Amino acid sequence: AQQLNQSPQSMSIQEGEDLSMNCNSSSTLNLLLWYKQDAGEGLILLIKLLKGGELARNGKLTAQFGGTRKDSLLNNSAFEPKDGGTYFCAGSTVLPKHLQPALRLAMGTPITVLSQFLLS
């Protein structure tokens, strides 16, 4: 079965810092998605990647699909409190045409934003 792993597993970040997270798959993917979830809310699609080596942007977010379509890196520049939440990658493997692709969701990475006001 396809394994989809995300790192780091959780993270605290200071306001204004840049954030990077990885997603790795044991199988080649035909689609990789990055989502964000706020507490008590549904998943929000951030970025969709379809081609190996593809680079996609959405505001401050940048994501790249690895050339082998087995991994992705998500970057968020100048993190703000509103960027806090749980980030998920999801991917679907290439299956025979008569079957529906199965989308698998990774465990997710909760991000806590440390406000500069709390540190002063």
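Residues numbered from 1 in each chain as written. Predicted model: local features only at pLDDT ≥ 70, side-chain atom pairs only at ≥ 80, totals over all residues. Heavy atoms only, no water.

Draft legend 1. Just the nonpolar core, in detail. Judged by nonpolar contacts, the single largest core of 22 residues is most densely connected at W34, I47 and L74. Secondary structure elements with two or more residues in this core: β3 (19-25), β4 (29-37), β5 (43-49), β7 (61-65), β9 (85-93) and β11 (109-114). In terms of nonpolar packing, the next biggest core, distinct from the first, is built from 5 residues, L31, L33, Y35 and F88 among them. (Core = buried A, V, L, I, M, F, W, Y, C linked by side-chain atoms within 4.5 Å. Buried < 20%, exposed > 50% of the residue type's maximum accessible area, 1.4 Å probe, protein only. Helix = DSSP H or I, 4+ residues; strand = E, 2+ residues; numbered from the N terminus.)

Draft legend 2. Structural detail: the sheet that holds strand β1 (residues 4-7). Strand order in the open sheet formed by 5 strands is β1-β3-β8-β7-β6, and the pairing between neighbours is antiparallel. In this open sheet, the two strands that pair with only one neighbour each are β1 and β6 (55-58). Across this sheet, the average inter-strand angle for adjacent strands is 15 degrees, counted without regard to direction. Where β1 meets β3, 4 bridges bridge the pair, whose relative direction is antiparallel. Bridge pairing in β3 places S7 opposite N22. (Pairing = 2+ DSSP bridges. Axes fitted to C-alpha atoms, helices over the stretch in contact; angles between N-to-C directions.)

Draft legend 3. Local environment of the packing of aromatic side chains. This structure, assessed with the given rule, holds 1 aromatic pair. Their ring planes at 50 degrees and their centres at 6.5 Å tell us that F79 and Y87 sit as a pair that is tilted. Just as F79 is buried, Y87 falls in that class too. (Phe/Tyr/Trp six-rings, centres within 6.5 Å; stacked < 30°, edge-to-face > 60°.)

Draft legend 4. Region of interest: the layout of surface pockets. Looking at the largest pocket, its volume works out to about 160 Å³. Around the largest pocket, the lining residues are K36, L46, N58, K60, L61, N76, K82, D83 and Y87. Looking at the lining of the largest pocket, its residues break down into 3 nonpolar, 2 polar and 4 charged. (1 Å grid on protein atoms, 1.4 Å probe; cavity = no way out; pocket = protein on both sides within 12 Å on 5 of 7 lines; lining within 4 Å. Points joined across faces, edges and corners; volume = space filled by probe spheres on them. Nonpolar A, V, L, I, M, F, W, Y, C, P; charged D, E, K, R; others polar.)

Draft legend 5. Up close: the pattern of salt bridges. Summed over the entire model, instances satisfying the criterion amount to 5 salt bridges. Note that E80 is salt-bridged to K60, the shortest N-O span being 3.2 Å. Of the two residues, E80 sits in the loop between β8 (71-76) and β9 while K60 sits in the loop between β6 and β7, which places them 20 residues apart along the sequence. Its salt-bridge partner being K82, residue D83 comes within 3.8 Å of it at the nearest N-O pair. Through salt bridges with shared partners, one network takes in K60, E80, K82 and D83. (Salt bridge = Lys/Arg side-chain N within 4 Å of Asp/Glu carboxyl O.)

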